[in-house]
Every structure is written in C-alpha cells, then in structure tokens.
Amino acid sequence: EVKSSVLVDLMYEDESAEENERSFYNALHEEQLPNNIEIKKLRVENVVYMNFKNDFSFKTGDQVLVLGEHQSTLNNNMPLRELMYIGRVLEQLIPIKDRYKKGQVHFPTPEFYTLYNGKDFMEKEKILKLSDAFETKSNDPMLELKVRVINSEAGHELLERCPIIREYSEFIEIIRKYQKKKDVEPYKHAIEECIEKGILADYLKRKGSEVVNMLTAEYDYETDIEVQRGEAYDEGREEGKLEEKKNLIKNLYEAKFTVAEISKLLKTKEDEVEKIINC
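Residues numbered from 1 in each chain as written. Predicted model: local features only at pLDDT ≥ 70, side-chain atom pairs only at ≥ 80, totals over all residues. Heavy atoms only, no water.

**Observations regarding the environment of A27**
What counts is decided by this rule: Each helix corresponds to a stretch of at least 4 residues labelled H or I by DSSP, and each strand to a stretch of at least 2 residues labelled E; elements are numbered beginning at the N terminus. The buried label goes to any residue with under 20% of its type's maximum accessible area, the exposed label to any with over 50%, and the partly exposed label to all in between, with areas taken from a 1.4 Å probe on protein chains only. Only heavy atoms matter for contacts: two residues are in contact if any of them lie within 4.5 Å across the pair.
Counting through the fold element by element, A27 comes out in helix α2 (residues 17-28). You can call A27 buried: its relative accessible area is 7%. Spatially, the C-alpha atom of A27 lies 8.5 Å from that of E160, the residues being 133 residues apart in sequence. For A27, the contacting residues outside a window of four places in its chain are L158, R161 and C162.

Structural data, given as structure tokens:
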C-alpha cells in the first residue's frame, strides 16, 4: 500500500499523469502513440478484494485500454483481479442500451500489466494466466486473461524506455536505503536526496509534503491481517503474525510516532499499544 500510493498519484492524479501514461504506453509498444491521440484516464473503484482499488487505467483514443497494477509482493491472483477490474471498466465504457443491440459492440483492446518491485526473486518478466487457476484444465479454455508481470528490480528494459518508471523505482530504492539504516525520517531524507540527484525532482519539489503524507498514510492493518490469518492458521503461523504486529508498533514508536498516532494507524486500542511498547 505504501509503495503504490505515489505511483498512483504519478499515473493518475498528478498534473503530469497524462504525460506519464503516454510514456508508459510508448515504452511497451513498438509503434509510438501519436500526439493527437487522446488519453482518457479511468479508475476502478472498490473492487471486493481487501477494498482494493485499481492503481491506474487509461485508454488511448478508442484503440487500446491499459490496466496497470503495482505490487511489492508476488501475487499469482492478478489475472483474477484484472478480470474483476475489466468488467468494471467496461461498465463505464459501454452504455447499457448498447449491450442489448443486435450488432456487435466494439471496445478498446485491453492490455494488463503488473509492475513488481519487491525483494523476493522473480525473473525479469513473466505471464500469469487466468486458466492456471481453473480446477479443470483445458488446452483451449473458453475464458482466458493474461497479465504481463514486469520486474522493475531486475534491470528490465522498460526502465530505460520509460523514465518515470525508472525514477520511481530509484525513489523506492532510496527510501529502502534509509529504512534499512533505521533513519528517523526516511521519507523526508529520501525526498531530499532524490531532488538533489534529479530523481522525480520536479514532482517532489511540487508535492514533497503530500508525498510524505502518502507514504505515511493510514494502513488498513486489520483488513490485511484478516485476509492473511486464514493462510497463517493453516500454516501454523498465527503467533508469527502477532509478533509482526508487535514489531510494527515498536518500530513506529522508535520512528517518533505517538501512541495516539499508532493507535489510529493500526486501528488498535491505545492501552494495547502502550502495553506492547512497555513490554
């Protein structure tokens, strides 16, 4: 969640978003998008999966529809999630009356991408297929959806072809450096270093304080832990999850967060936070 918020802003909310989306599209295609082709931003809201929202979506004229996701952990369920997303997007694009016409309704060709920048090993690029999740396998499934997963940590050529993704990846790496050093203000110091080195410099000069807020935004810990609890129970890791929460609380406290702020961020009672800090 933390790492995706800035990318969402760069690719959807910020004043440079359309330019960034055009750069992303051109980096992925041999034929460059003409400047007179309009880019229309789209957004998929409140898909029922951890209240997850699609990171960024846009269409190029009426030709191609790009759906993009960012992941810092490996997730083989991206084709399923993208299937949910594309249904929502098509609901926005195709009027209800058109869905009942006798003639075939045309819509932009969808493309699905996931940008991965986690630390677990993954090859430079791979394709995830929806049919891999089917209980009954078929050589010619009646429903298929493919997601192209790009590892931005593995020297992928996309980084050279798309400056905004390269600089975003460098920004995240610098944040990790300060976090590893247990810096008390990792985001602030990462932003200062990036501006000095010309990494996302214009963006960070304009929105530095907002970026810090995004990076420290409320993390829905309880929802996340509920989803993971089922897996942890089967694997006998419930105790580990509780320890993980305790460590998170202590790390936030060491990073100068107050008890009240930690309580709000993790949706945990203040007396429980204090108990963990003092134990």
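So, next bit.
**With respect to the sheet that holds strand β1 (residues 39-42)**
Note the following rule: Here the rule is simple: two strands pair whenever DSSP picks up at least two bridges between them. Here an axis means a line fitted to C-alpha atoms, over the contact stretch when the element is a helix, while the angle between two N-to-C directions is reported on a 0 to 180 degree scale.
In space, the six strands of this open sheet follow the order β1-β2-β3-β4-β6-β5, with mixed pairing throughout. Because the sheet does not close on itself, it has two edges, and the strands there are β1 and β5 (125-129). Strand after strand, the sheet turns through a mean of 25° between neighbouring axes, direction not considered. In terms of strand pairing, β1 meets strand β2 (residues 56-60) through four bridges, oriented antiparallel. Bridge pairing in β2 places K41 opposite F58. Its contacts with the sheet put α2 on β1, β2, β3 (64-71), β4 (109-116) and β6 (146-151), and the angle it makes with β2 is roughly 75°.

**Re the nonpolar core**
The cut-off we apply is this: Definition of nonpolar core: a set of buried residues of the types Ala, Val, Leu, Ile, Met, Phe, Trp, Tyr and Cys, connected through side-chain atoms within 4.5 Å.
By size, the foremost hydrophobic cluster in this structure holds 39 residues, and its most contacted members are V6, F24, L158, I165, F171, L204 and V211. Per-element tally for this core: the top contributor is helix α5 (residues 163-180), with eight residues. Beyond its immediate chain neighbours, meaning those up to four positions away, F24 contacts M11, F56, F58, V66, Y113, L115, L158, C162 and I165. Grouped together as the second largest cluster of nonpolar side chains are 16 residues, I86, V89, F112 and Y116 included.

**Observations regarding the layout of surface pockets**
Here the idea is plain: a probe the size of a water molecule rolls over the atoms and shows the empty space left. Just so we agree on the cut-off: Put plainly, a pocket is an open set of points on a 1 Å grid over the protein atoms alone with protein on both sides within 12 Å along at least five of seven lines, a cavity is a set where a 1.4 Å probe fits but cannot get out, and a lining residue has an atom within 4 Å of a point. Grid points are joined across faces, edges and corners, and a volume is the space filled by probe spheres set on the points.
Of the pockets and cavities examined, the second largest pocket occupies roughly 250 Å³. Around the second largest pocket, the lining is made up of 14 residues, and of these E19, N20, I164, E167 and L200 lie nearest the centre. Mapped onto the lining of the second largest pocket, the elements with two or more residues apiece are α2, α5 and α7 (201-215). Per-element tally for the lining of the second largest pocket: the top contributor is α7, with four residues.

**Some thoughts on α2**
Threshold: The span expected for a helix works out to 1.5 Å for each residue beyond the first.
Here α2 contains twelve residues, and its C-alpha end-to-end distance of 17 Å stays within 8% of the 16 Å for a straight helix at 1.5 Å per residue. Extensive coverage of α2 is indicated by the burial of nine of its twelve residues. Along α2, the residues classified as buried are A17, N20, E21, R22, F24, Y25, N26, A27 and L28.

**Focus on the packing of helix α10 (residues 259-266) against helix α11 (residues 270-278)**
Let me state the cut-off plainly: For classification, angles of less than 35 degrees are called roughly parallel, those exceeding 145 degrees roughly antiparallel, those between 65 and 115 degrees roughly perpendicular, and all remaining angles oblique. Each crossing gets its handedness from the near helix: less than a right angle anticlockwise from the far helix is left-handed, clockwise is right-handed.
Here α10 crosses α11 at 115°, and the two axes come no closer than 9 Å. Overall, the two elements α10 and α11 adopt an arrangement that is roughly perpendicular. α10 and α11 meet at a crossing whose hand is right-handed. Between α10, through V259, A260, I262 and S263, and α11, the contact on the second element is made entirely by E270, V273, E274 and I277.

**Some details on empty space enclosed by the protein**
Taken as a whole and assessed by the stated rule, the structure comprises two cavities of 30 Å³ or more. Here the largest cavity is characterised by a volume of approximately 70 Å³. Q71, T73, L74, N75, N76, M78, T114, Y116, M122, K126, L128 and V149 together form the lining of the largest cavity. Counted as a void, the second largest cavity has a volume near 30 Å³.

**Some details on the packing of aromatic side chains**
Here a ring pair, both rings aromatic, is described through the centre-centre distance and the interplanar angle of the planes. So the rule is basically this: Stacked, edge-to-face and tilted are the three classes for Phe, Tyr and Trp ring pairs, Trp counted by its six-membered ring, which pair at centre distances within 6.5 Å; planes under 30 degrees apart are stacked, over 60 edge-to-face, the rest tilted. The rule for a charge over a ring is simple: NZ of Lys or CZ of Arg within 6 Å of the ring centre, and within 35 degrees of the ring normal.
Tallied over the full model, the rule gives two aromatic pairs. Centroid distance F24 to Y113: 6.0 Å. Interplanar angle 85°. Geometry classified as edge-to-face. Residue F24 is found in helix α2, and its partner Y113 is found in strand β4; the two are separated by 89 residues along the sequence. Taken together, the ring pairs connect F24, F56 and Y113 into an aromatic cluster. When the ring centre of Y12 is taken as origin, the NZ or CZ atom of K41, which lies over that ring, is 5.5 Å away.

**A word on the environment of L33**
Along the chain, the position of L33 falls in the loop between α2 and β1. Taking C-alpha positions, L33 is 8.1 Å from T60, a pair spaced 27 residues apart along the chain. Those residues within four positions of L33 in sequence are excluded, and the remaining contacts are R22, Y25, N26, I39 and T60.

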